[in-house]
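# Chains, contacts and geometry: an overview
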Amino acid sequence: MMELCSNKLPTPMSRREMLKTSGIGFGGVALNALLSQDSIALRQPPNLARTKRVIFLFMHGGPSTLDLFDPKDALYKNNGKPLPYDKPRIVSSKTGNLLASPWKFKQHGQSGASVSELLPNIASISDDLCFINSMHCSNSRHGGALLELHTGSDTFTRPAMGSWINYGLGSENNNLPGFITINPPSSHGGSGAWSSAFLPAKYGGTMISGKGSNMNIPFIKSPLKERSQQRKEIDLINAFNKNHISNFEGNTELESRIESYELAFRMQMAAPEIQNIEDEPDHINKLYGADQKPTDEFAKQCIMARRFSEAGVRFVQVTHRYWDSHGNLKDEHTKLSKEMDKPVAGLIQDLKQRGLLDETLVLWGGEFGRTPVAQGNNGRDHNPHGFTMFMAGGGIKPGTKYGSTDSFGYHAEENPVHFHDLHATILHLMGIDHTALTYKYAGRDFRLTDVHGNIISDIII
Amino acid sequence: MCSAILDVLRHRKQDIDIILLTLKKLSLLFLSILFVSLISRGDEEKSDLWSLVYPEEPTIPKVTNEKWVKNSVDSFILKKIEDQKLEPTQSAKKDKLVRRAYLDLLGVPPTLDEVKSFHEDKSPTAWGKLIEQLLSSPRYGERWGRHWLDVARYSDTNGMDENIAHPEAHRYRDYVIKSFNQDKPFNQFIIEQLAGDLLPAENLEKKRDQTIATGFLSVGPKMLACDDPDKMRRDIVDEQLDTTGRAFMGMTFGCARCHDHKFDPISIEDYYGLAGIFMSTKTLTKYSVVAELHHFDMSTEEEKEKRKQISNIEKKKSEKGVSEENKKKFEEEISILKKNLNTPFEIMAVTEYPTKDLRVHLRGDYQTLGDTVPRRLPTALAGLIQPQMPSSQSGRIELARWIASDRNPLTARVIVNRIWRWHFGRGIVPTTDNYGELGEKPTHPELLDHLALYFIHSNWSIKSLHRLIMQSKTYQQSAFAKESLKKSDPDNTLFARWKIRRLESESLRDSILSKSNLLDFNGGGSMMDAKKHKYANRGKLKEHIKSNKRTIYLPVMRSSGYEGQNAFDFPDPSMINGNRNSSTVTPQALFLMNSDLIHRSSKALADLIFSKMPDEAIDEKAKWLISHLLSREAHNKEINTAVSFIKSSAEKDEKAAWSGLARGLLASNEFLYIE
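Residues numbered from 1 in each chain as written. Chains lettered and ligands numbered in written order. Predicted model: local features only at pLDDT ≥ 70, side-chain atom pairs only at ≥ 80, totals over all residues.

## As for the overall build of chain A
Per the secondary structure count, chain A includes 13 helices and 17 strands. Long-range pairs, those at least 24 residues apart, make up 74% of the contacts in chain A with a sequence separation of at least 6. (Helix = DSSP H or I, 4+ residues; strand = E, 2+ residues; numbered from the N terminus. Contact = placed C-beta atoms within 7 Å.)

Now the structure itself:
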């Protein structure tokens with residue numbers, strides 16, 4: 001509680017203050033309020049929120065967005081010829097001459113968005129999407145770029161954007177964690193991509209791993225056969241605690257620990273219900289591709305993401321991997337696109353038909369893109385200088401395109417968008433001023449965007 | 001075309017930087033003239049920052065309630081309480097006090113016998129004897145060494161972008177535990193961690209220990225896959241420099257990498273003066289992707305020689321045309337040499353590099369360089385008279401000696417405050433790692449200075465400081481407080497009562513295992529199954545956590561970690577943390593209800609009851625279990641609650657019902673808190 005009070009957040013109400021002002025002690029306060037102890041969930045967002053929740057579809061490895069969303073005539077024309085300007089000073093691997101995309105592009109929908117033949121389903125909903133073709137970051141390696149994308153820093157350990165959002169807004173559903181990441185990469189930063197770093201631990205992401213219905217929140221399953229037995233055990237803990245707390249009346253920490261068992265007990269009921277993706281109707285399974293290979297696995301994760309998001313989890317991340325095609329680009333990207341295309345399009349359509357897309361921001365993208373120059377004869381190297389991400393829903397203008405790369409697709413040229421700008425925009429959409437959401441640590445106020453970040457107002461409704 | 005414009009812009013930027021630098025120099029010149037003229041006028045110029053003024057021995061304040069005072073600590077504490085027209089709370093009961101001492105110093109609760117023997121000792125020296133007994137236990141270093149590891153951001157893996165294993169880091173951890181157990185003077189402990197490799201040593205064992213100590217500089221988190229090796233090196237230096245500053249002096253040097261510190265008197269020149277010292281230190285041996293940490297063999301000369309011979313013979317053996325007979329002969333020779341030959345004594349630590357003075361990196365960019373700054377200490381802290389930096393050595397030893405000096409205004413204050421924080425859950429300076437302008441000011445500045453000077457005069461002995469603190473009445477107060485006190489001082493900034501606080505994640509696990517008779521006190525060495533420069537296998541975490549060793553001996557893995565430990569606020573091992581958070585979150589409840597640890601321990605406890613007292617009545621069993629777990633007598637009301645729980649259990653098996661009772665007690669606040 002201390003660390004929050006000492007931080008510059010507009011009038012956070014400490015639990016103690018709250019109990020004081022509400023004039024009632026333990027037992028009289030709504031559970032809701034008790035549980036949001038030392039979070040700032042009680043506050044209304046300082047400016048108008050356009051979205052309540054984020055679903056981040058993370059494409060680990062760095063998809064070649066040149067081959068998915070950013071066709072370049074010059075590449076087709078100059079296939080096999082040298083790049084007419086210098087390659088960047090810092091590169092990750094040796095590359096050769098220009099390599100045209102092996103795939104055909106068509107324009108889709110009313111917006112006329114260019115989408116590769118690899119992604120027919122995403123192409124079909126392109127009028128709902130906003131493509132940012134001018135993304136860039138600074139690190140040419142997976143670990144660095146991944147951490148930059150998730151935390152804003154490729155140099156030091158910093159809280160993940162989901163943790164910042166959780167810290168800023170608190171939870172919508174007290175029976176569930178506020179930040180969940182499904183099957184995240186264990187390499188290239190690992191939990192660094194969902195950690196709370198110097199923020200209090202409760203704001204960190206909860207990792208769920210496993211397959212299908214075995215994806216679980218840690219320790220959520222009771223080894224006891226009888227649910228009634230666990231209820232009895234909690235009653236027993238309560239009896240001992242009530243006896244103990246009589247010496248410490250008003251100690252809010254001890255009080256909320258008593259409550260936390262009740263909450264855990266309820267969470268045990270709520271979570272499996274949400275995680276039970278088996279009860280989705282056939283048409284939904286079909287929509288995501290959960291009913292067939294090779295889409296089923298990622299589809300199930302996307303369905304689970306929707307269910308968590310629907311239940312009020314602020315930030316849900318799903319990871320699809322592994323897009324790192326240094327060689328064998330044709331086969332790998334064909335396979336990966338097939339696995340990913342339908343579930344992603346299905347998720348966005350599903351959110352839309354449920355009326356949730358307006359309040360849910362969907363973000364799709366990897367830690368970087370890939371070079372227009374070839375590595376070997378059928379591969380591309382990492383390219384942090386220019387690539388595409390797309391967003392949908394939650395206050396984003398649908399059917400739009402923002403920024404562009406140069407004529408070969410190497411560098412962001414028109415309206416470049418750095419990860420810091422992306423972060424600033426996401427926070428803005430959630431109703432948070434990215435310059436005001438700070439946390440004091442090691443002698444200074446830190447924020448997700450450090451000293452950077454411009455909101456991309458052109459893509460906001 | 002594009003790049004031409006960029007070049008022009010870059011040059012322009014350089015020009016601007018140079019202009020800015022010149023302006024800055026001019027203003028510095030102006031300020032120094034002003035400063036000198038002030039001094040020559042006889043005005044004494046003191047730093048505005050309280051922490052940079054050398055502590056003076058304060059007079060011990062007079063208090064009204066003299067009877068309450070047991071030692072000097074109490075006078076300072078009571079004075080503030082009386083100033084607020086308040087009274088300190090009552091003394092803690094003996095059973096609370098003995099449990100507090102065990103958990104605080106050893107990290108495990110006392111056994112019933114240990115509680116009993118303290119109870120029965122009615123002599124006035126009973127408490128002092130208990131403190132001595134606990135301070136001499138090997139368990140002490142495992143508890144307090146872990147506190148230091150929080151500050152040293154200790155980890156058995158690199159984390160960050162490439163989670164490379166640190167298979168030799170455990171040597172540093174064990175060195176820390178040993179140093180606390182030996183009560184190594186803290187100034188020596190500092191010097192060894194920063195420059196132990198440069199100190200003289202009378203024998204190999206000492207040489208090894210001192211060199212292992214510099215693992216402090218090696219175990220930090222590093223970006224190891226960076227296509228720009230020059231940037232990577234500077235980032236590593238920055239991490240070492242910032243950690244050193246904050247760990248020992250509460251100073252955030254890292255802020256001055258790109259510009260003069262905005263709040264504290266640390267200039268960008270100070271930063272590069274220090275950075276040169278670490279740039280002249282060898283931490284890595286390979287900078288290309290994936291970079292490799294410096295490891296080396298510290299075997300005896302004899303062992304090294306034997307290994308050389310073995311490899312020579314092996315070479316001969318593998319040559320073409322060697323007869324079977326000779327091969328056999330070679331094998332025999334090898335087996336003789338290998339007899340009693342230890343595996344190489346690999347360590348991960350730093351050594352020296354050719355020395356290098358750095359140029360100022362304008363805005364932190366190594367491609368935009370300003371003037372060269374010779375390696376030196378920060379002037380606002382160390383003064384203008386500086387130790388001579390050797391041309392043939394990095395200067396680490398000079399830096400270390402200055403940090404560890406009796407005359408450094410920060411170092412002793414920082415460590416005594418850390419010790420105070422770890423005893424009481426709150427520092428006299430609440431921001432334990434920041435003594436700069438943005439840190440919080442001490443609530444009891446005179447007490448802090450008194451403790452710092454006491455510490456220096458007791459030869460930087462941490463155990464002496466424990467004695468002073470624990471012998472005080474302040475430490476021995478009850479956690480109970482009257483309404484008036486709670487109202488006037490809700491956060492206990494006056495230390496007018498004991499702050500009840502949750503066990504840290506390690507103590508919690510160790511306490512559960514110890515009460516279940518499962519705790520394996522054999523520790524030390526490595527549980528990591530990994531090779532240097534290779535990726536850590538986080539799959540092994542599941543195996544490690546099943547071990548019954550004390551938690552400090554389980555490998556710490558950055559970018560993952562044990563879910564249960566993390567839920568109980570185990571701090572991110574990438575960052576120094578002298579002031580752990582203590583949260584109350586639902587995953588803790590889930591852990592205490594459903595984890596493997598809690599279920600196997602409660603089962604072991606049920607087995608223990610039935611082997612210990614198979615024929616006793618339910619209430620006798622319950623009585624024993626309650627007092628065993630809570631380290632005190634059981635009350636009748638509690639026994640009744642327990643008995644009716646057992647009787648109404650939904651479990652068919654009676655033993656399972658007892659496991660349930662054990663779980664309930666282990667999850668109760670009284671077990672989870674140091675009271």
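## So, the overall build of chain B
When its secondary structure is counted, chain B shows 29 helices and 10 strands. Here the C-alpha atoms of chain B give a radius of gyration of 29 Å, agreeing with the 26 Å that 2.2 N^0.38 yields for 675 residues. Looking at chain B as a whole, 48% of its 675 residues are labelled buried. (Rg over C-alpha atoms; globule rule 2.2 N^0.38 Å. Buried ≥ 20, exposed ≤ 12 C-beta atoms within 10 Å, placed from the backbone.)

## Focus on the packing of helix H8 (residues 227-245) of chain A against helix H28 (residues 654-666) of chain B
One can describe the packing of H8(A) onto H28(B) by two numbers: an axis separation of 9 Å at closest approach and a directional angle of 45°. Judged by the inter-axis angle, H8(A) sits oblique to H28(B). Where H8(A) crosses over H28(B), the two elements pack in a sense that is right-handed. Note on element contacts: H28(B) touches H8(A) through Gly660(B), Arg663(B), Gly664(B) and Leu665(B), opposite Gln229(A), Glu233(A), Leu236(A), Ile237(A) and Phe240(A). For the contact of H8(A) with H28(B), the class distribution of residues is 4 nonpolar, 3 polar and 2 charged. (Axes fitted to C-alpha atoms, helices over the stretch in contact; angles between N-to-C directions. Parallel < 35°, antiparallel > 145°, perpendicular 65-115°, else oblique. Left-handed = near helix turned anticlockwise from the far one by under 90°. Nonpolar A, V, L, I, M, F, W, Y, C, P; charged D, E, K, R; others polar.)

## A word on the environment of Ala195(B)
All names here are of chain B. Relative to the helices and strands, Ala195 resides in helix H8 (residues 186-195). Expressed as a C-alpha distance, the spacing of Ala195 and Thr351, which sit 156 residues apart in the sequence, is 8.6 Å. Discounting chain neighbours no more than four positions away, the residues touching Ala195 are Arg396, Ile397 and Ala400.

## Here's the deal with the packing of helix H11 (residues 229-249) of chain B against helix H12 (residues 268-279) of chain B
Residue and element names in this part refer to chain B. Axis separation between H11 and H12 bottoms out at 9 Å; the angle between their running directions is 110°. Between H11 and H12, the angle falls in the class roughly perpendicular. Helix-helix and strand crossings are classified by hand; for H11 and H12 the assignment is right-handed. Listed contacts from H12 to Val237, Gln240 and Leu241 of H11 are Leu274, Ala275, Phe278 and Met279. A breakdown of the residues in the contact of H11 with H12 according to their chemical character gives 6 nonpolar, 1 polar and no charged.

## Here we look at the nonpolar core
Leu57(A), Cys130(A), Val362(A), Val416(B) and Leu665(B) are the most contacted members of the largest nonpolar core, which totals 272 residues. Looking at this core, the element that brings in the most residues is H12(B), giving 8 residues. Leaving out residues up to four positions away in the same chain, Leu57(A) has contacts with Val318(A), His320(A), Val344(A), Val362(A), Leu363(A) and Trp364(A). Judged by nonpolar contacts, the second largest core, of 7 residues, contains Leu75(A), Leu98(A), Ala374(A) and Phe408(A). (Core = buried A, V, L, I, M, F, W, Y, C linked by C-beta atoms within 7 Å.)

## A short note on the environment of Gln565(B)
Residues and elements named next belong to chain B. Relative to the assigned elements, Gln565 resides in helix H23 (residues 563-567). A residue is classified by how many C-beta atoms lie within 10 Å of it, and Gln565, with 20 of them, is buried. Sequence separation between Gln565 and Glu675 is 110 residues; the distance between their C-alpha atoms is 21 Å.

## Some points on the interface of chain A and chain B
Opposite the 63 residues of chain A that make contact, chain B presents 65 residues. Contributing elements (two or more residues each) for the side of chain A that touches chain B: helix H6 (142-151), H8 and helix H9 (252-275) of chain A. If you tally residues by element for the side of chain A that touches chain B, the top one is H8(A), at 13 residues.

## Remarks on unusual backbone geometry
Cis geometry marks the peptide bond from Arg321(A) to Tyr322(A); its omega dihedral reads 10°. Examined against the element boundaries, Tyr322(A) turns out to sit in the loop between strand S7 (315-321) and helix H12 (329-353). Val289(B) connects to Val290(B) through a cis peptide bond whose omega is -10°. Here Val290(B) lies in the loop between strand S2 (284-286) and strand S3 (292-293). Here the phi dihedral of Asp183(B) falls at roughly 55°; this positive angle occurs in a residue that is not glycine. With respect to the helices and strands, Asp183(B) occurs in the loop between helix H7 (169-182) and H8.

## A look at the confidence of the model for chain B
All names here are of chain B. Across chain B, the average pLDDT comes to 91, with 93% of residues at 70 or higher. Confidence drops under pLDDT 50 across residues 1-10; counting only partners more than four residues distant or on other chains, this segment forms 2 contacts. Confidence drops under a pLDDT of 50 for residues 32-46, and excluding neighbours within four residues, the segment shows 5 contacts in the predicted structure. For this predicted complex, the interface confidence comes out at an ipTM of 0.87, alongside a pTM of 0.86. (pLDDT = per-residue confidence, 0-100.)

## A closer look at the environment of Asn492(B)
Residues and elements named next belong to chain B. Tracing the backbone through its elements, the reader meets Asn492 in the loop between helix H20 (483-488) and strand S9 (501-502). Judged by local crowding, Asn492 falls into the partly exposed class, with 18 C-beta atoms found within 10 Å. With sequence-adjacent residues up to four places away left out, Asn492 is seen in contact with Arg426, Arg497 and Lys499.

## Here we look at the pairing of strand S8 (residues 360-366) of chain A
Residue and element names in this part refer to chain A. Counted residue by residue, S8 has 7 buried out of 7 residues, so it is predominantly covered. On S8, burial covers both faces: Thr360, Val362, Trp364 and Gly366 on one face and Leu361, Leu363 and Gly365 on the other are all buried. Relative to strand S11 (residues 387-393), S8 is paired through 4 bridges, and the arrangement is antiparallel. Residue pairing across strands places Leu363 opposite Met391, the latter belonging to S11. (Pairing = 2+ DSSP bridges.)

## Some remarks on the confidence of the model for chain A
With 89% of its residues at a pLDDT of at least 70, chain A reaches an overall mean of 87. Long-range and interchain partners of residues 1-44 of chain A, a stretch whose pLDDT sits below 50, account for 54 contacts in this model, where long-range means more than four residues apart.

## Concerning H8(B)
Taking burial as the measure, the 10 residues of H8(B) include 9 buried ones, the bulk of the element. Every buried residue belonging to H8(B) is among Phe186(B), Asn187(B), Phe189(B), Ile190(B), Ile191(B), Glu192(B), Gln193(B), Leu194(B) and Ala195(B), and all of these are buried.

## Things to note about helix H3 (residues 94-105) of chain B
Residue and element names in this part refer to chain B. Taking 1.5 Å of rise per residue, the 12 residues of H3 would be expected to cover 16 Å, and the 16 Å separating its terminal C-alpha atoms lies within 8% of that figure. Among the residues of H3, those classed as buried are Leu97, Val98, Arg99, Arg100, Ala101, Tyr102, Leu103, Asp104 and Leu105. Check the buried side of H3 and you find it contacts helix H4 (112-120), helix H5 (126-135), helix H6 (138-151), helix H17 (411-424), helix H21 (505-515) and strand S10 (673-674). Positive phi appears at Gly107, one or two residues downstream of H3, with a value of about 80°. (Expected span 1.5 Å × (residues − 1).)

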